[in-house]
Amino acid sequence: MTFNPYRPFPARITCIRPETDCEFTITVEATASMTPGQFFQVSLPRVGEAPISISDFGDDWIQFTVRAVGKLTNALHELCTGENLFIRGPYGNGFPMDVLEGSNLVVAAGGSGVAPVRPLIRRAMDGRLPVRSLKVLAGFKSKEGLLFSDELEECQRCGHATVTIDRPQDGWCGSTGLITEHIRALELEDPSDVQFVIVGPPVMMKYSVAEALKLGVPADRIWVSFERLMSCGLGKCGHCKIDSTYICLDGPVFNYSRAAGLID
Amino acid sequence: MSSYEFTREEFSRVFDGLRARCSLYGPKRFPGRGRFTNTDLVKYAQLNGLEELELEEKSYMSPKSLAFPADETLFYFTGQEFAEAPQDGEGEIVVFLRPCDINGFRRLDAMFLENGGTRDPYYQRRRERLRFFMIECTESFDNCFCVSMKSNTADDYSAALRFSGDSVLVEVKDDEFEGVFSAGRPSGFKPEFVRENRKRVDVPDVDEMPPEMFAHPMWDEYDQRCIACGRCNTSCVTCTCFSTRDLFYSDSRLSGERRRVWDGCHLDGFTEMAGGASYREKKGERMRFKTFHKIYDFRKRFGYDMCVGCGRCDDVCPEYISFAECINKVSATLKEVEGR
């Protein structure tokens, strides 16, 4: 075979940072051209393969933030620095950086949904993605489930972020309540002049979008990202098809005006 | 293009000559191997003589496994090395099949060679070896509705054959097989196609399915009827979904394989995601998903329907669910919904 799109390449692990009890961020050495919101098919030989979104990247490194919840992700949890991860990609469209540039950017993310929007937030924070204003809402179930706490803290200090946990907890002095309540409380100068990115579990996305629409954010200024367990990333395996749309080819990021019509 | 006539005996010799230069596959009868007592199984298998070619009955499974096997190794692992699985065999494979299945391969090609702009190399290397010998099909089997699906005719074949009494008529389109048949008597044979099935379906003519159709109570009956066995998926010539599975050898844990295996939208676990979330838990939702793919949304992507009307899904369903009737129900319900 001259070209085999299923063949992954080895990527050496340079750092593993625990985020929570069961979540961790793996940094690997790899050079590839990509954009925030895209994903890779990550695998370990004899264990399996799964799509994992990029939680950040640079010229010669990529990060994946993984929750150990299945066969592959549990095995990833056992890896050590210096070992190899096998990856192929990037796949999918990613966030529309040209649209987001110069916008009043609002990012609402829940739980592990914070991982795919992290490259956006970091670029908006350090100016690589110039925006007029930035507002980040990050929601977690509990303080133990907090991802990227140092970065979100920094973001909070600059007045850009609200980090909330679902219910009050001992030792937590930050915001509480579901992310939807915080979306409702957003004071947007002109709701029709924002770009609103929403990523998280399906239920969170559904109700967050509803709140954003209620605020007066037009549907075509809302962006969501879908998750599916795909076997190929190439539009072949069928796992991510909804109607005539393939999440791996046409997504995972969708403008809500299109996503609204996608019925599983 | 030329046509020839043979007696069965003469053609049997031609068949053996062909067998000497390539593998021949076609529907073959396996006595006593059927699902019920004293029934036979007809499936695609290698043919060792003309008498093994089954012409009286539809095959239980489609010929798609010749290009897309139910279980296929993509890579062999030794430690961290990924070695591409070598091709299993070389040379041409002649497949004896009917027009609906030729049209089925057109749909497999669309998915594996066109969709997403990437050619699937494992499918491609098998597909390139296939040569189609079309069995003329002028009469329907049970549950066939190819005419309604516009897949009763086909022209993508190397040769077409009519088996009639003691005579075998052949039309040769592919020059590479001209020599094989040239000993026959010239004839003016042109294959005919079935123009009417006993079963007719009304394919909904709709560009965008109204949202009401997705949540419509018409799907509820399948919640009870369907048992998610996936036979409709596995028997379908156009179902292409798969999952990848890794395994290791029990006597050498450092060695193993990455395989892809058939999967199907009716099966449990097909939509499972990280942490156990999944979509389309109800069987009716799965039926809706499959039905719309076969007769509606595939068309939006490729311009023609996916279903070829071979009727195998209806032949094999242990719950006697009729896909043909489901299509009719979609059309009737759609008219109701649109008329409102």
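Basis of the calculations
Residues numbered from 1 in each chain as written. Chains lettered and ligands numbered in written order. Predicted model: local features only at pLDDT ≥ 70, side-chain atom pairs only at ≥ 80, totals over all residues. Helix = DSSP H or I, 4+ residues; strand = E, 2+ residues; numbered from the N terminus. Rg over C-alpha atoms; globule rule 2.2 N^0.38 Å. Buried ≥ 20, exposed ≤ 12 C-beta atoms within 10 Å, placed from the backbone. Contact = placed C-beta atoms within 7 Å. Core = buried A, V, L, I, M, F, W, Y, C linked by C-beta atoms within 7 Å. Domains from an automatic or database assignment. Nonpolar A, V, L, I, M, F, W, Y, C, P; charged D, E, K, R; others polar. Expected span 1.5 Å × (residues − 1). Arc of directions from axis to C-beta. Pairing = 2+ DSSP bridges. Axes fitted to C-alpha atoms, helices over the stretch in contact; angles between N-to-C directions. pLDDT = per-residue confidence, 0-100.

**Student:** Any chance you could break down the overall build of chain B for me, citing the residues and the numbers?
**Tutor:** Along its length, chain B carries 9 helices and 12 strands. For a compact globule of 340 residues, the expected C-alpha radius of gyration is about 20 Å, and chain B comes in at 22 Å, within 12% of that figure. Seen along its three principal axes, the alpha-carbon backbone of chain B occupies a region of about 60 × 60 × 45 Å. When the 340 residues of chain B are sorted by exposure, 42% land in the buried category. In chain B, 71% of the contacts between residues at least 6 apart in sequence involve partners at least 24 apart.

**Student:** Mind laying out the nonpolar core, listing which residues take part and the relevant values?
**Tutor:** A general feature of soluble globular proteins is that nonpolar side chains tend to end up buried together. Of all hydrophobic cores here, the largest spans 118 residues; its most connected members are Val107(A), Ala138(A), Phe196(A), Val197(A), Ile198(A), Ile222(A) and Val224(A). Residues lining this core come from more than one domain, with at least three contributed by each of domain 1 (2–68 + 87–186) and domain 2 (211–254 + 264–337) of chain B. Not counting the four nearest positions on each side in its chain, Val197(A) is found in contact with Phe95(A), Val107(A), Val117(A), Leu120(A) and Trp223(A). Grouped together as the second largest cluster of nonpolar side chains are 43 residues, Phe15(B), Leu47(B), Ile102(B) and Phe189(B) included.

**Student:** Residue-level account of the domain arrangement of chain B, with values.
**Tutor:** Residue and element names in this part refer to chain B. Along its sequence, chain B is carved into domain 1 (2–68 + 87–186) and domain 2 (211–254 + 264–337). With centres defined by C-alpha atoms, the gap from domain 1 to domain 2 works out at 27 Å. Facing the 23 residues of domain 1 at the interface are 18 residues of domain 2. Grouping the constituent residues of the side of domain 1 that touches domain 2 by class yields 12 nonpolar, 6 polar and 5 charged.

**Student:** Please give an account of helix α1 (residues 8–21) of chain B that cites residues and values.
**Tutor:** Residue and element names in this part refer to chain B. Taking 1.5 Å per residue as the helical rise, α1 with its 14 residues ought to reach 20 Å, and the 20 Å between its terminal C-alpha atoms agrees with that figure. Turning to α1, its buried residues are Phe-11, Phe-15 and Leu-18. For α1, the arc enclosing every buried residue in end-on projection is 60°, short of the 170-degree limit, so these residues lie on one face. Turned more than 90 degrees off the buried face of α1, the exposed positions are Glu-9 and Ala-20. Buried residues belonging to α1 abut β1 (2–7), β2 (23–30), β6 (93–97), β9 (167–172) and α4 (178–181).

**Student:** An account of unusual backbone geometry is needed here, citing residue identities and associated values.
**Tutor:** All names here are of chain A. Of note, the amide linkage connecting Gly-89 to Pro-90 takes the cis form, showing an omega dihedral of 0°. The step from Gly-251 to Pro-252 runs through a cis peptide bond, and the omega angle for that step is 5°. Unlike most non-glycine residues, Phe-148 shows phi in positive territory, near 50°. Mapping Phe-148 onto the fold places it in the loop between β8 (133–140) and α4 (149–157). The exposure class of Phe-148 is buried, given the 23 C-beta atoms found within 10 Å.

**Student:** Lay out the environment of Leu18(B) in plain terms, naming residues and giving numbers.
**Tutor:** All names here are of chain B. Here Leu-18 lies in helix α1. By C-beta crowding, Leu-18 is classed as buried, having 20 other C-beta atoms within 10 Å. When the C-alpha positions of Leu-18 and Phe-177 are compared, they lie 9.0 Å apart, and in sequence the two are 159 residues distant. The residues touching Leu-18, leaving out its near neighbours within four places in the chain, are Leu-24, Val-94 and Val-180.

**Student:** Requested: an account of the sheet that holds strand β4 (residues 71–78) of chain B, with residues and values cited.
**Tutor:** Strand pairing in a sheet is mediated by backbone hydrogen bonds. Such pairs are either parallel or antiparallel. Residues and elements named next belong to chain B. Taken in spatial order, the 4 strands line up as β5-β4-β12-β11 in an open sheet, and their pairing is antiparallel. With one partner strand each, in any of the chains shown, β5 (81–84) and β11 (242–249) form the two edges of the open sheet. Going across the sheet, the axis of each strand differs from the next one's by a mean of 25°, ignoring polarity. By the bridge criterion, 4 bridges tie β4 to β5 in an arrangement that is antiparallel. Note that in β5 the partner of Thr-78 across the bridge is Glu-81.

**Student:** Run through the confidence of the model for chain B, naming residues and quoting values.
**Tutor:** Keep in mind that low pLDDT regions are not for reading the predicted coordinates in detail. On average, residues of chain B carry a pLDDT of 95, and 100% of them reach 70 or more. Reported confidence for the predicted complex is 0.93 by ipTM and 0.95 by pTM.

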